[in-house]
Amino acid sequence: MSVADLFSGMFPKYFDFSISRMFFTVIDLLFFPYKILKSYFVEKQSSRRYFYQNSFRLVGKIFLKSFIGTTIAALIIGAVVISQVQIHLAEYLSFDLLRRIMIYLLFWEICPGLVFIVQWTRFGTTLTMDLAGMRRNQSLSAIVSMGINIEFYFLLPRLLGLIVACLLLTTWACITSIFFGHILCLLLFEGSSFIPLVDIFNALTVRDFLVFLLKSVCFSTILLSTQSYFSLTASNILVDTNYLNARAASYNFILFLFFNLMLSAWGLAL
Amino acid sequence: MSVVLELNAIGFYRDERILLEDIDLELKDSEIAIIMGQSGSGKGLLLRICCGLIKQNNGDIIFCNKNLREMDYIESQNFRRKVGFIFEGKSGLVPELTLFENITLPFLYFGESTKTIKALVQLYLTDFNLPMQEGFFELYPYQCTHFTNALVQVLRAVLMQPKVILLENPFSLLGIKNAQVLFQFIVFLQQRLNFAILLGTSYINFPIRDEVTFYLLEGGELKKGSAKQAMVASSMNLLVDDGDV
């Protein structure tokens, strides 16, 4: 029984179906990754080899599927951010502050968010479609009836695959946005004096790496949990892909904004 | 013969509606039992309760003298491996896996060897005189007929060396000839491997054997019936049922 079910019916009907339902669904959602991770420890040792093979295959699949999209988006955003910051703020701000602003914008805020959005559209929606389809044609019941744990067989490899792929993609997006963005700016605005690339990379600290790595882990966990939670918990008559994707989208967005804010605040407080 | 699966006073309610009440059933080693009932009478629900896919509100399920409620995670996993479940129509197979991957899925998951699987499948099919298409193993479920899907489900369940196989009317979407071949194939495997069969169906479109035990499920209650009663029920269901036909 979910937390949302436990409190359902306690409030007036409209309130029950909107605010309280949403609140308890969020609590359920936050516990969902724990449920997925727990499956690793309850499963037999012999099953883990299959899990590792599956996860390894998925890292490559997820990474390659989003690689081109992420690269193009990072290139454009990098060019925009680097050119805008340097052209408009160079007169007013010091060299050090300009470097920090670029790192804050690209490493802290834009690149982890960009990878999240690309994964949401590529991986997240497909996951919901797969799970909803498998629920509809009873493949999930068949898998459970063979003694296979859905969390361990289906969700945990995807979670691990998504986390590793997101870490790689976020790192790639950061490098691409700064490196290619810089080159593009030099080509477009010939003769302008831009901060040398080496100086931008020299300004990077451990804290910057920590924040963007933690953000990509957090966002990939949110993405997988939300998309799979709605596919697995919706009642049978509501297993419609568009409906599930729309529901997951709103929660994804809220949780993404919330955790982005929290992790940025935590990074600043470090 | 020892009892493999025992249901004691099973009850299932949904929104204060009684769907199953006080269901008692005993399935012995190598026994074939058929539960007859109209579409929506709760046959599928009862079969799902039997294999632990749905939890009952009342009563106990005893599998090989062990209560399902008292089993820990590993025991319940072993129980599920010993109770095969065949779903209706094209359900029950993972769409993104080929037929061979579907058959080997539980073996790979539990870290067991899959070397002999292909040879065993070929042996069973050849012995039964069922020709196998070239590239059969590489096909995906959506490329196959209902018959092939049901056949793969049966093979997958049988290769796990089950004690019981539960069939949720896999014959309903098959023509009479295919239904007969599939049932005969299941019985052929049952005689070789000695597992019990519990089949839920609303009508019979396959040859019945003398030693089959019949149950009639009506209004949430299960009663033992004769072959004659089952045939009458089958004809009636075939006339009134528009769900499965």
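Every value quoted in this text rests on a predicted model; they were computed, and no experiment measured them. (Residues numbered from 1 in each chain as written. Chains lettered and ligands numbered in written order. Predicted model: local features only at pLDDT ≥ 70, side-chain atom pairs only at ≥ 80, totals over all residues. Heavy atoms only, no water.)

The helix and strand inventory of chain B stands at 7 helices and 10 strands. Computed over C-alpha atoms, the radius of gyration of chain B comes to 18 Å, within 12% of the 18 Å expected from 2.2 N^0.38 for 245 residues, which places it in the range of a compact globule. Counting only C-alpha atoms, chain B reaches 50 × 45 × 35 Å along its principal axes. A fraction of 73% describes how many contacts in chain B between residues 6 or more apart in sequence connect residues 24 or more apart. The average position of the 22 basic charges and that of the 28 acidic charges among the side chains of chain B differ by 4 Å. (Helix = DSSP H or I, 4+ residues; strand = E, 2+ residues; numbered from the N terminus. Rg over C-alpha atoms; globule rule 2.2 N^0.38 Å. Contact = heavy atoms within 4.5 Å. Lys, Arg positive; Asp, Glu negative; His and termini not counted. Charge placed at Lys NZ, Arg CZ, Asp CG, Glu CD.)

Let us now look at the overall build of chain A. Scanning chain A from N- to C-terminus turns up 9 helices and 0 strands. When its helices and strands are written in sequence order, chain A yields α-α-α-α-α-α-α-α-α. Counting the 270 residues in chain A, one finds 50% classified as buried. Of all intrachain contacts in chain A linking residues separated by at least 6 positions in sequence, the fraction that spans at least 24 positions is 82%. (Buried < 20%, exposed > 50% of the residue type's maximum accessible area, 1.4 Å probe, protein only.)

Turning our eyes to something else, we now look at the confidence of the model for chain B. On average, residues of chain B score 86 in pLDDT, and 97% of them are at 70 or above. Scored as a whole, the predicted complex attains pTM 0.86, and scored at its interfaces, ipTM 0.87. (pLDDT = per-residue confidence, 0-100.)

A few words now on the confidence of the model for chain A. Overall, the prediction assigns chain A a mean pLDDT of 86, with 89% of residues at 70 or greater. Mean pLDDT across the elements of chain A bottoms out in helix H1 (residues 3-7) of chain A (64) and peaks in helix H8 (residues 206-233) of chain A (91).

Turning to a positive patch on the surface, a few remarks are in order. Residue and element names in this part refer to chain A. Residues Arg57, Lys61, Lys65 and Arg122 make up a contiguous surface patch of positive charge. Secondary-structure assignment places Lys65 in helix H3 (residues 45-89). On the basis of relative accessibility, which here comes to 41%, the residue Lys65 falls in the partly exposed class. (Patch = residues over 30% accessible without salt bridge, like charges linked within 9 Å, V, L, I, M, F, W, Y side chains within 5 Å. Areas by Shrake-Rupley, 256 points an atom, 1.4 Å probe, with all protein chains shown as cover. Salt bridge = Lys/Arg side-chain N within 4 Å of Asp/Glu carboxyl O.)

Here the focus is the side chain of Arg48 of chain B. Looking at the element boundaries, Arg48 of chain B is found in helix H1 (residues 43-50). Relative accessible area serves as the criterion here: at 13%, Arg48 of chain B is assigned to the buried category. One polar contact links Arg48 of chain B to Gln138 of chain A, side chain to side chain, over a distance of 2.3 Å. Beyond its immediate sequence surroundings of up to four residues, Arg48 of chain B is in contact with Gln138 and Ser141 of chain A together with Leu53, Ile54, Phe85, Phe87 and Glu168 of chain B. (Polar contact = N/O pair within 3.5 Å; in protein donor to acceptor, adjacent residues only side chain to side chain.)

All names here are of chain B. Here strand S1 (residues 3-14) runs beside strand S2 (residues 17-28); their pairing, made up of 8 bridges, is antiparallel. Directly across from Leu5, in S2, lies its bridge partner Leu27. Connecting S1 to the next strand, S2, in antiparallel fashion are 2 residues, including Asp15 with a positive phi near 50°. Note: S1 against strand S4 (residues 58-63), 5 bridges, orientation antiparallel. Looking at S4, one finds that Gly11 is bridged to Asn58. (Pairing = 2+ DSSP bridges.)

All right, on to the environment of Gly44 of chain B then. Turning to its location among the elements, Gly44 of chain B is positioned in helix H1. For the pair Gly44 of chain B and Ser235 of chain B, spaced 191 residues apart in sequence, the C-alpha to C-alpha distance is 20 Å.

With that settled, the discussion passes to helix H4 (residues 117-127) of chain B. All names here are of chain B. Residues of H4 that are buried include every one of Ile117, Val121, Tyr124 and Leu125, and no others. Projected down its long axis, H4 carries its buried residues within an arc of 95°, all on one side. Tucked into the core, H4 has its buried residues touching helix H3 (99-109), helix H5 (146-159) and helix H6 (176-193). Taken from the residues just after H4, Asn129 is the one with a positive phi, measuring 65°. (Arc of directions from axis to C-beta.)

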